[in-house]
Structures are given as C-alpha cells and as structure tokens.
Amino acid sequence: MPDSGSALPTLALPEHVRIGEGRAILSAVRRADVNLAVWSRGAGRVPVGSLALSAVDDVALASPVAVLADAVERALTDAGYAGAVMSMLATDITMLGDLLAQMLDCDRLAIRLEVVDTDACRRFQADYVTARLICTYAGPATQWLANVDAAALLGGAVTDDLPIRQLATGDVAIFKGREWSPDQAIVHRSPPVAGTGRQRLVLVIDTAPGTPIPHA
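Chemist: Just give me the short version of the side chain of Thr207, but keep the residues and values in it.
Modeler: Following the sequence through the fold, Thr207 ends up in strand β10 (residues 200-207). With residues near it in sequence (within four places) discarded, Thr207 still touches Leu100, Leu104, Cys106, Arg108, Leu109, Thr130 and Ala131.

Chemist: I'd like a rundown of the pattern of salt bridges, residues and numbers included.
Modeler: Following the criterion strictly, the structure yields five salt bridges and no others. With a shortest N-O distance of 2.8 Å, Arg31 and Asp33 are connected by a salt bridge. Accessibility expressed as a relative area gives 40% for Arg31, which makes it partly exposed. Overlapping salt bridges bring together Asp127, Arg132 and Asp206 as one network.

Chemist: Could you give me a rundown of the sheet that holds strand β1 (residues 17-20), with the residues and numbers involved?
Modeler: Taken together, seven strands build an open sheet; the order of strands is β1-β2-β8-β5-β10-β4-β3 and the sheet is mixed. The outermost strands of the open sheet, each flanked by one partner alone, are β1 and β3 (59-64). When the angles between neighbouring strand axes are averaged without regard to direction, this sheet yields 15°. Pairing analysis gives four bridges linking strand β2 (residues 36-39) to strand β8 (residues 172-176), with the strands arranged antiparallel. Bridged to Val38 within β8 is Ala173. Packing of helix α1 (residues 68-78) onto the sheet brings it into contact with β3 and β4 (108-116), and relative to β3 it is tilted by some 165°.

Chemist: An account of the sheet that holds strand β6 (residues 143-145) is requested, with residue identities and associated values reported.
Modeler: The three strands lie next to each other as β7-β6-β9, forming an open sheet whose pairing is antiparallel. Bordering the open sheet on either side are β7 (165-166) and β9 (187-189), each of which pairs with just one other strand. Pairing of β6 with β9, which is carried by three bridges, proceeds in the antiparallel orientation. The residue of β9 that forms the bridge with Trp144 is His188. Its contacts with the sheet place helix α3 (residues 147-154) against β6, β7 and β9, and it is angled at close to 85° to β6.

Reading guide: rules and limits
Residues numbered from 1 in each chain as written. Predicted model: local features only at pLDDT ≥ 70, side-chain atom pairs only at ≥ 80, totals over all residues. Heavy atoms only, no water. Helix = DSSP H or I, 4+ residues; strand = E, 2+ residues; numbered from the N terminus. Contact = heavy atoms within 4.5 Å. Salt bridge = Lys/Arg side-chain N within 4 Å of Asp/Glu carboxyl O. Buried < 20%, exposed > 50% of the residue type's maximum accessible area, 1.4 Å probe, protein only. Pairing = 2+ DSSP bridges. Axes fitted to C-alpha atoms, helices over the stretch in contact; angles between N-to-C directions.

The quantities given are spatial measurements derived from coordinates; they are silent on function.
Below, the structure written as structure tokens:
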C-alpha cells in the first residue's frame, strides 16, 4: 500500500471491515456487523507534495453543514494554506464533510486538519464518538486492528506481537466509535513517526455531539 510507512504484511480482510474503490462503500459502516468502511482512492486525489507542512498551522473548526464550504476555505486561508493546494483541500474536505453528514443525518460537524510529527496518539484505542472520518493526505496513514486482535490486546497481548493493519495515504475511512457500538468499536492508532523525520497531514471529521445513532 502506498506510503504506508512500514513493511506491514498483507493480511486477509476481516468480515467486520469493508474496503472498496468507490465512495458508496462508506455506507457499509451503517451495518451492524461493520465497524470500519474504507474508500480506497489513492494518494493522488489531493496532491500536497509541494506543500511545506512546517509553514501551515493546524485547523480546527465546528460548522453547520449548510455553510461548511465557506467555513473550511476561511479556516484554511487563516492557517496559511494558499493557491491550488488550498482550493483542492477545501473542496475535498467540504465534499467529505457533506458525505459524512448525509450518511449519518447530521447537520453540524467538527473538523481538524493537523500536521503530526510526534507519537502523541500511538496507543491503540477506540474513539468515544458516534463515527469519525479520517483521511491522511500526506505521510503514513492510520493503523487499525481486527476485532479479534483488539480483544487480544485488551486481554494483555503485546502490541508488537499482533498483526497491525494500515490504511493507505489518501484513503477515506469511517471508524465506528463507542457511542455507536460500545462493544465493537474499531480500535486504531496514529502510526509512530517520532524520530523518523516524517510528517503526516491528517484530516479528522466528527459528527456533532448528540447525533442520533444511525440504523442500518
């Protein structure tokens, strides 16, 4: 998988995960037996290779979906993004936000776009949210565990002994959180990058607090 950041083995896809090349695959996360849905779209959709990540600030905003496009463009501009990269990111983030909002019937979203070069989130965990959309635009992408391996970790297994799976740069993934699935939320982490000189540009979109739990 491109720019995965490590030589991870190819593993069989567990039944609780769906991966496909079209955005429609993301709706699979609404199924009771699925806790991770991945749109495999490749790293070239929003080329950010020319962007100096050290020259931009992190972005954090909460916005009604109805005015999301303007809010995202304004936040990116304020953070130092400019030119074609800013326009492509703004368009992509707005599209992904609209997609998540429509899928989960949510009228307000929280959005973060962060440059990551530390191991602050390297521990495997499940998020205390309804659902979270994550896309890594640059650098190694999010790592996750199959349910059986997450259970083994909870039972005392050592992380290094577990088969760690990883998204590809550019993938769009919707992670089911504990508010939606208390016992089967997907367990994941940020890949360790501290000391490697690598940086990640990561988009996180959360549904607003109080969003009703969707039904399949």
